[in-house]
Amino acid sequence: MAEKEDVMAGDAQRPGPVGADASADAGTADGTWNVAVALRRQYTALVWLLVVRLLIAGGLCLLPIVLVRCLGVPNTGVLWLSTVAGMGVAFFTVYRFGYGIRVFQSARVLRHYPLEFRHRVVKKRERWTQYGNVFEVRVTTRGQNGAPLMLAVNTAGRRRWPEGLEGGAWFAGDAAFGGVLVAPGGEAMLFLKPAHWDKLAPEREQAGAERVSRAERARLHRKTTRSWIMKPGM
């Protein structure tokens, strides 16, 4: 009964749709917000991150040419080290994009799961990886005990811990499989997977066919190897 009441409470606080004539801001006067706007912000942040990195890479690659041809700087091997650095930045950007970006999978999760409010988000620790910072978090609601520890990563490739999660956040997904955590107002988004996947295997095995099918449609049914940030297919 308590579980049913928690779900009903989540439904009551679920963000409602914003009309087509609403402002561009995700928030509205009654506290609801538009998931599509929140996702668009993540896509924009991702594009901006990629553009900035590729501009830096291009600038480093072109710097020796500009210095030699336009400014008459002596053409030495040391000068061309910046081109090597630029190529490294470009390679790392593409490499990280392939494994560390979760905007697209988060969008898929939000298509198949409703958002429900979780009253408490606790960051246990944080670790650096080449793909981005991985956070260990526990997401709970009032009256809930034993919530599983989750791995979380910013969907758009940022490294910093999002602000505004202390008072709770919106969760879409299934704790035994993973999901998406959205900050109030839709400003930030985290992709989640269970930190101890094998430990939750009995719960997934006992899950009903509908629950498993939904996780498969959202592509949350696969294990994540901890040494790779949310690597696809693991």
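Participant: What is the right way to read the overall build of the protein chain from this model?
Facilitator: Along the backbone of the protein chain there are six helices and seven strands. When the helices and strands of the protein chain are read in sequence order from the N terminus, they spell out α-α-α-α-β-β-β-β-β-β-β-α-α. Per-residue burial for the protein chain yields a buried fraction of 41% across its 234 residues. The long-range share in the protein chain, meaning contacts at least 24 apart out of those at least 6 apart in sequence, stands at 63%. When the accessible area of the protein chain is evaluated, it comes to approximately 12800 Å², of which 59% is carbon and sulfur surface.

Participant: I would appreciate a short explanation of the packing of aromatic side chains in the present structure.
Facilitator: Each aromatic ring pair is specified by the distance between its two centres and by the angle formed by the two planes. Considering all chains together, one arrives at three aromatic pairs under this definition. Pairing Tyr 43 with Phe 104 gives two aromatic rings, centres 5.7 Å apart and planes at 45°, and the pair type is tilted. With Tyr 43 in helix H2 (residues 35-69) and Phe 104 in helix H4 (residues 103-112), the pair connects residues that are 61 residues apart, well separated along the chain. By relative accessible area, Tyr 43 is classed as partly exposed at 30%. For Phe 104, a relative accessible area of 44% puts it in the partly exposed group. Ring centres of Phe 117 and Trp 170 lie 5.1 Å apart, and the angle between their planes is 70°; on these two criteria the pair is classed as edge-to-face. Remark: Trp 170 occurs in strand E5 (residues 169-174) and Phe 117 occurs in strand E1 (residues 116-118); sequence separation between them is 53 residues. Over the ring of Phe 191 we find Arg 102, and its NZ or CZ is 5.8 Å from the ring centre.

Participant: Would you mind showing me how to read the sheet that holds strand E3 (residues 134-140) here?
Facilitator: Hydrogen bonding along the main chain pairs the strands of a sheet, whether they run parallel or antiparallel. The strand order across the open sheet formed by seven strands is E1-E5-E6-E7-E4-E3-E2, and the pairing between neighbours is antiparallel. Each edge of the sheet is formed by a strand with only one pairing partner; in this case those strands are E1 and strand E2 (120-127). Going across the sheet, the axis of each strand differs from the next one's by a mean of 35°, ignoring polarity. Examined bridge by bridge, E1 and E5 share three bridges and lie antiparallel to one another. Across the sheet, residue Phe 117 finds its bridge partner in E5, namely Trp 170. Each of E5, strand E6 (178-182) and strand E7 (189-194) is contacted by H4, which is oriented at about 80° to E7, the strand it contacts most.

Participant: So what exactly am I meant to see when it comes to unusual backbone geometry here?
Facilitator: Trans is the prevailing form of peptide bonds, just as negative phi is the prevailing case for residues other than glycine. Residues other than glycine seldom take positive phi values, yet Arg 219 does so here, at roughly 60°. Position of Arg 219 among the secondary structure elements: in the segment after helix H6 (209-217). By relative accessible area, which is 51% here, Arg 219 ends up exposed.

Participant: What am I meant to see in the nonpolar core here?
Facilitator: Soluble globular proteins tend to bury their nonpolar side chains together. If you look at the biggest cluster of nonpolar residues, it comprises 21 residues, and the most contacted ones within it are Val 109, Tyr 113, Met 189 and Leu 220. Secondary structure elements with two or more residues in this core: H2, H4, E5, E6 and E7. When sequence neighbours within four positions are dropped, the list of residues in contact with Val 109 reads Ala 172, Gly 179, Val 180, Phe 191, Ala 218 and Leu 220. Of all hydrophobic cores here, the second largest spans 15 residues; its members include Phe 135, Met 150, Ala 188 and Leu 192.

Participant: How should the confidence of the model for the protein chain be read in this particular structure?
Facilitator: Close reading of the predicted structure is inappropriate where its pLDDT is low. In the predicted model, the protein chain carries a mean pLDDT of 77, and the fraction of residues at 70 or more is 78%. With pLDDT under 50 throughout, residues 1-32 is counted as low confidence; its partners more than four residues away or in other chains account for 37 contacts.

Reading guide: rules and limits
Residues numbered from 1 in each chain as written. Predicted model: local features only at pLDDT ≥ 70, side-chain atom pairs only at ≥ 80, totals over all residues. Heavy atoms only, no water. Helix = DSSP H or I, 4+ residues; strand = E, 2+ residues; numbered from the N terminus. Buried < 20%, exposed > 50% of the residue type's maximum accessible area, 1.4 Å probe, protein only. Contact = heavy atoms within 4.5 Å. Areas by Shrake-Rupley, 256 points an atom, 1.4 Å probe, with all protein chains shown as cover. Phe/Tyr/Trp six-rings, centres within 6.5 Å; stacked < 30°, edge-to-face > 60°. Lys NZ or Arg CZ within 6 Å of the ring centre and 35° of its normal. Pairing = 2+ DSSP bridges. Axes fitted to C-alpha atoms, helices over the stretch in contact; angles between N-to-C directions. Core = buried A, V, L, I, M, F, W, Y, C linked by side-chain atoms within 4.5 Å. pLDDT = per-residue confidence, 0-100.

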